Every structure is written in C-alpha cells, then in structure tokens.
Amino acid sequence: MGRIIAFANYKGGVGKTTSVVNTAHVLAMNNNQVLVVDLDPQGNATLTLSRSNPFEQEYTIGNLLADKDLLPRDCLVHTSYQVDLIPANLNTYALVASLPANSAKRIFGLRNRIAELASQGWNHDYILIDCPPQIEGALITNAIAAADYYVLPIEGESVYALQGVGHLMQAIEAIRDDSGSSIRMLGALVTMHDARTTAGKTVMQAINRYFQDMVFKTVIRRNTTINKANLSNRCVCDLDPKSSGCEDYRAFAAELIQRIDRV
Ligand SMILES: Nc1ncnc2c1ncn2[C@@H]1O[C@H](COP(=O)(O)OP(=O)(O)O)[C@@H](O)[C@H]1O
Ligand SMILES: [Mg+2]
C-alpha cells in the first residue's frame, strides 16, 4: 500500500489545500499514482482537482464513510490532472454527523476504506489527505487514524503562525495513541513566505527555532500565480509551469519523497 500523508492544521487559510492539490499534481506528473482524499467539507480540493462544482459529485467521502454498501471505487473521480480524488462537499458534514456516536467509522472508517481500495487493486503510490481546519471531530480523527505521516503547513507571514501549534500536535498524538495509528510528523511546510518583509523574516526565525530540523528546506514563496490558479480552479504548474509557485511545489514534492524514504 502507498504512503498516506495528511496535511493538517487547525487554522484555515494556511495553505493546506493549495499544498495538497499542487503536490499531488507534481507527483502525478512524475509518473506516480496519486489519490487525494478531500476531508474538508468546504470542498476546495475537490473544486480545483475536478474543476467542477463539488455539489455535482454523486458520492463524497461522507457517503463512503456512512454507507457500507458503497464501494470505494464508486467514489473515485479520475481527474484530468491524472490524480484520483475522493471528493467532499458541504453534504459531507451531515453524513459524518449521522454516524452513530460510538461507531468505529468515526475513527477507522477512512483507514478501512483505503485498505479496501488497495485490496481491490488500486495501487496508489501516494495518498494525500486534505484535512478540515479542526483540532477534533470525526473527520480529523479519521485522517490521523489512517495516515502514516502528517505535514503541517504554516503561514510564513502570520505573526500568529505558531499559536496553538503545540495543542494541535498534542491532539494528533492523542488520536494516534487512541487509534493505534503510527502517524509521524514529516515536517512543517512554510507557505506564503516573503523574505523581503520584516514579518516574513521574523516568523521564519520563530518557526525554525520551534521546529528546528523538522522544517522543510523548501519554502513556498508568496506567489500571485498560486492565487490566480486557485481562483481559476487550476493547479499552478498547469497555469504557469515557469512560475515560482510551480517551482516551489516541484521542489517540495522531491523533498517530501526524500524525507519519507529517510524516516
Ligand atoms: N504561496 C502562496 N502565495 C499566494 N497565495 C497563496 C499561497 N498559498 C496559498 N495562497 C492563498 O491563500 C488562501 C488560503 O490557501 P488554502 O490552500 O485554501 O488554505 P487552507 O486550505 O489551509 O484553508 C487561498 O486564497 C490561496 O490562494
Ligand atoms: Mg482548505
């Protein structure tokens, strides 16, 4: 089975979805079989990868968790980016909320469904999970229980970037222990970095001090092409392969694979 990597931060707007879709796209361009699991009911990863309204998806991760008769392959969307997708949309909230309070699906649903997919011959090399901006709840619990690793995207220019990070890491460890998951932190990924500003420099120093060698060497620079790509529901390397955004996500994907092989 492939490596399962969750991109998690309880804060919104830190670059989780951008990092998931663009890393997935780069990995797919490098001939890997890639699956993205959208666990955020906002459906932003679904929108970019499928290039269509998340509400047009027949089945979402919510159906897959709630309906035992549904096959995982029936929820797979094969996107034009050569990335497979298990979508999410706002209906996912209600479906997940409908799971009985003590149901194992609240913890192990995703892990079991991914194992099922692999046993049915879907050999994804990398499975990237776009987590909702939460610190607890069935969706994030399912992500932690299923994943081998997590990447923590951190906004490089926000003075609040590190606030609550310790709590998040503790929460992940607690879920790991309760679920028997072997999830490990792969690294902190600095996004939206601007080396020219005082805030950019100060926050970068603080992040390096806090995470030390857990900070990915690759930093995702603030780049308007990334924003444009998101606005037009495209991956940045598709919109402009020469942009710094594409360059940075290529470098990050390479470093990610290197780290996985090392730990
Ligand atoms: N490197 C970047 N440069 C410029 N804008 C970015 C960059 N990364 C993300 N953004 C923008 O920041 C916003 C939040 O990013 P997003 O990936 O949706 O965060 P999250 O999934 O954590 O909520 C989006 O509008 C996105 O276009
Ligand atoms: Mg998001």
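What you see is a predicted model, and the numbers here were worked out from it, not measured in a lab.

Thresholds applied
- Residues numbered from 1 in each chain as written.
- Chains lettered and ligands numbered in written order.
- Predicted model: local features only at pLDDT ≥ 70, side-chain atom pairs only at ≥ 80, totals over all residues.
- Heavy atoms only, no water.
- Pairing = 2+ DSSP bridges.
- Helix = DSSP H or I, 4+ residues; strand = E, 2+ residues; numbered from the N terminus.
- Contact = heavy atoms within 4.5 Å.
- Axes fitted to C-alpha atoms, helices over the stretch in contact; angles between N-to-C directions.
- Core = buried A, V, L, I, M, F, W, Y, C linked by side-chain atoms within 4.5 Å.
- Buried < 20%, exposed > 50% of the residue type's maximum accessible area, 1.4 Å probe, protein only.
- Patch = residues over 30% accessible without salt bridge, like charges linked within 9 Å, V, L, I, M, F, W, Y side chains within 5 Å.
- Areas by Shrake-Rupley, 256 points an atom, 1.4 Å probe, with all protein chains shown as cover.
- Salt bridge = Lys/Arg side-chain N within 4 Å of Asp/Glu carboxyl O.
- Near = heavy atom within 4 Å.
- Polar contact = N/O pair within 3.5 Å; in protein donor to acceptor, adjacent residues only side chain to side chain.
- Right-handed = clockwise from strand over helix to strand, strands pointing away.

Undergrad: I'm lost on the sheet that holds strand 1 (residues 3-7) in this one. Help?
TA: Pairing between sheet strands relies on hydrogen bonds along the backbone, with the strands arranged either parallel or antiparallel. If you trace the seven strands from one edge of the open sheet to the other, you get 3-4-2-5-1-6-7, paired in mixed fashion. Edge positions in the sheet fall to strand 3 (77-78) and strand 7 (184-191), since each has one partner strand and no second. Pairing of strand 1 with strand 5 (residues 126-130) involves five bridges; the strand directions are parallel. Bridge pairing links Ala6 to Ile129 in strand 5. The strands touched by helix 8 (residues 165-179) are strand 6 (149-155) and strand 7; relative to strand 6, the strand with the most contacts, the crossing angle is about 165°.

Undergrad: Help me out: how do you make sense of the nonpolar core in this one?
TA: Nonpolar side chains tend to gather and get buried jointly when the protein is soluble and globular. Core analysis: the largest hydrophobic core is formed by 48 residues, its most contacted members being Val37, Ile61, Leu110, Ile129 and Phe211. Here this core takes six residues from helix 7 (residues 138-146), the largest share from any one element. When residues no more than four places from it in sequence are discounted, the contact partners of Ile129 are Ile4, Ile5, Ala6, Phe7, Val20, Val37, Leu39, Leu110 and Ala143. Membership of the second largest hydrophobic core comes to 34 residues, among which are Ala45, Tyr126, Ile220 and Ala253.

Undergrad: So what exactly am I meant to see when it comes to a nonpolar patch on the surface here?
TA: Among the surface-exposed residues, Phe55, Leu90 and Tyr93 lie close enough to one another that they form a single nonpolar patch of about 320 Å² accessible area. Relative to the helices and strands, Phe55 is located in the loop between helix 2 (44-50) and helix 3 (61-66).

Undergrad: I'm lost on helix 7 in this one. Help?
TA: For an α-helix, 3.6 residues make a turn, and residues three or four places apart therefore share a direction. Most of helix 7 is tucked away: nine of the nine residues are buried. Residues of helix 7 that are buried: Ala138, Leu139, Ile140, Thr141, Asn142, Ala143, Ile144, Ala145 and Ala146. Here the buried face of helix 7 lies against strand 1, helix 3, helix 5 (91-97), helix 6 (105-119), strand 5 and helix 8.

Undergrad: Would you take a moment to explain the site of ligand 1 for this structure?
TA: Taken together, 15 residues form the shell around ligand 1, and within it Gly13, Thr17, Thr18, Asn227 and Asn230 come nearest. In the model, an oxygen atom of ligand 1 is placed 2.8 Å from a nitrogen or oxygen of the Thr17 side chain. One nitrogen or oxygen atom from the main chain of Asn223 is found 2.9 Å from a nitrogen atom belonging to ligand 1. Across the complex, the protein chains shield 83% of the 560 Å² of accessible surface that ligand 1 would expose by itself. For the shell around ligand 1, the elements supplying multiple residues, two or more each, are helix 1 (16-29) and helix 10 (224-231).

Undergrad: When you look at the pairing of strand 6 in this model, what are you seeing that I'm missing?
TA: The two faces of the sheet receive side chains in turn, since in a regular strand these alternate between them. Of all seven residues in strand 6, seven are buried; the element is thus mostly enclosed. Of the two faces of strand 6, the one lined by Tyr149, Val151, Pro153 and Glu155 and the one lined by Tyr150, Leu152 and Ile154 are each fully buried. Relative to strand 6, strand 1 is paired through three bridges, and the arrangement is parallel. Across the sheet, the residue bridging to Ala6 is Tyr150, located in strand 6. Pairing of strand 6 with strand 7, which is carried by seven bridges, proceeds in the parallel orientation. Among the inter-strand pairings, Pro153 is bridged to a residue of strand 7, identified as Leu189. After leaving strand 6, the chain enters helix 8 and then returns to the sheet as strand 7, a path that is right-handed.

Taken by themselves, the reported measurements are silent on function.
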